[in-house]
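# Understanding the architecture of this molecule
So you can see what is in the structure, the chains are spelled out below.
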Amino acid sequence: MEDDSLLESFWAVTRRLRERTKITLEPWHISPSQSRALGVLSRHGEVRLSVLAERLHIAPRSATEVVDDLQERGLVERKPDPTDRRATLVVLTPGGVATAAAIHEARATEGERLFAGLDPADRSELARILNLLREAR
């Protein structure tokens, strides 16, 4: 019963995070997957489309759709990979850099609100436990 309660609590927090993420992203009319792609590009610079898909843990076709949408909005651009003419690089535009930074700031603020009720020791313990779960395969 306790494990069941723990699992349900975890899923409830996950749902709450997803809902808050959608609300946080509304000003930019960006989906969570598009936001994640902007974050990857912001952290890693230009990457091959295949690498972006890998980092997002999505199929290459899905990454293509995400990039298509972001390119249509002027947030990313594609360019040929100079080391492999069959490959395409994806890079943030100046507008994409600004949008990624603004989203990062908004999500950090929202995260701070979510965890504000925890004292520093609880936050540290939660971070430790979440890192263990993230690293477990």
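These numbers come from a predicted model, not from an experiment.

Reading the values: the criteria
Residues numbered from 1 in each chain as written. Predicted model: local features only at pLDDT ≥ 70, side-chain atom pairs only at ≥ 80, totals over all residues. Heavy atoms only, no water. Pairing = 2+ DSSP bridges. Helix = DSSP H or I, 4+ residues; strand = E, 2+ residues; numbered from the N terminus. Contact = heavy atoms within 4.5 Å. Axes fitted to C-alpha atoms, helices over the stretch in contact; angles between N-to-C directions. Buried < 20%, exposed > 50% of the residue type's maximum accessible area, 1.4 Å probe, protein only.

## Quick look at the pairing of strand E3 (residues 84-92)
As paired strands, strand E1 (residues 47-48) and E3 are joined by two bridges and run antiparallel to one another. Bridging across to E3, Val47 finds its partner in Val90. Where strand E2 (residues 76-81) meets E3, six bridges bridge the pair, whose relative direction is antiparallel. Each bridged residue has a counterpart across the sheet, and for Val76 the counterpart in E3 is Leu92. Hairpin geometry of E2 and E3 is characterised by an intervening segment of two residues between the two adjacent antiparallel strands.

## Comments concerning the sheet that holds E3
Strand order in the open sheet made by the three strands is E1-E3-E2, with antiparallel pairing throughout. A strand with exactly one partner marks an edge of an open sheet, and here the two such strands are E1 and E2. The sheet contacts of helix H2 (residues 32-44) involve E1, E2 and E3, and relative to E3 the element is tilted by about 100 degrees. The strands touched by helix H4 (residues 60-72) within the sheet are E2 and E3, with E2 carrying the most contacts at an inclination of about 120 degrees.

## Concerning the side chain of Thr21
By secondary structure assignment, the location of Thr21 is in helix H1 (residues 2-25). Under the relative-accessibility criterion, Thr21 is labelled buried at 15%. Sequence-distant contacts of Thr21, that is, excluding residues within four places in its chain, are made with Pro32 and Arg107.

## Thoughts on the environment of Ser50
Relative to the assigned elements, Ser50 resides in helix H3 (residues 49-56). When its relative accessible area of 45% is taken as the criterion, Ser50 is described as partly exposed. Measuring from C-alpha to C-alpha, the distance between Ser50 and Arg61 comes to 9.4 Å, with eleven residues separating the pair along the chain.

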